[in-house]
Amino acid sequence: MEGLGFLPWLIGAIVVGGIISAAMQQGNVTAPGRELHQKFESLGDMTGKTKGEIISVVRPPTSVSELPDGKALLQWQATGCHMALRFSGDLFDGITHEHLAEG
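Scoring rules and cut-offs
Residues numbered from 1 in each chain as written. Predicted model: local features only at pLDDT ≥ 70, side-chain atom pairs only at ≥ 80, totals over all residues. Heavy atoms only, no water. Core = buried A, V, L, I, M, F, W, Y, C linked by side-chain atoms within 4.5 Å. Buried < 20%, exposed > 50% of the residue type's maximum accessible area, 1.4 Å probe, protein only. Helix = DSSP H or I, 4+ residues; strand = E, 2+ residues; numbered from the N terminus. Contact = heavy atoms within 4.5 Å. Phe/Tyr/Trp six-rings, centres within 6.5 Å; stacked < 30°, edge-to-face > 60°.

S.K.: Run through the nonpolar core, naming residues and quoting values.
M.R.: Formed by 15 residues in total, the largest nonpolar core has its most connected members in Phe40, Ile54, Trp76 and Leu85. Breaking this core down by element, the ones donating at least two residues are helix H2 (31–42), strand S2 (71–78) and strand S3 (81–88). Not counting residues up to four positions away in its chain, the partners in contact with Phe40 are Met46, Ile54, Val58, Trp76, Met83 and Leu85.

The following block contains the structure:
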């Protein structure tokens, strides 16, 4: 039985290794969302910017929805990030939703 003294250490090492691996995987999974969010942040204050100016920095939106009064909702999604911007005609008219997952 003396030879089993290493077993708790081995089990502990496996558990800790699994936790570290899961944490690293989480960071890799949300990398596209963090990158997308950084592109939006690089735009700074978007007041007065056109759809084309924003799209040229970020990328084409994931979805576009027409709203009343000539407005549109453009949305971008990547794992861990969701941005929804409202446009009045061609001009930025506000952020309706912004989410960035932690991790």
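S.K.: Quick one: what's the story with the packing of aromatic side chains, residue by residue and with numbers?
M.R.: Overall, the coordinates contain 2 aromatic pairs when judged by the stated rule. Note on Phe40 and Trp76: the rings are 5.2 Å apart at their centroids and 80° apart in plane angle, and the pair reads as edge-to-face. Residue Phe40 is found in helix H2, and its partner Trp76 is found in strand S2; the two are separated by 36 residues along the sequence. Grouping residues by exposure puts Phe40 and Trp76 together as buried. Between Phe87 and Phe92, the ring centres sit 6.2 Å apart and the planes meet at 80°, which makes this aromatic pair edge-to-face. Side by side, Phe87 and Phe92 carry an identical accessibility label, which is buried.

Remember that the coordinates give geometry; whether it matters functionally is a separate question.
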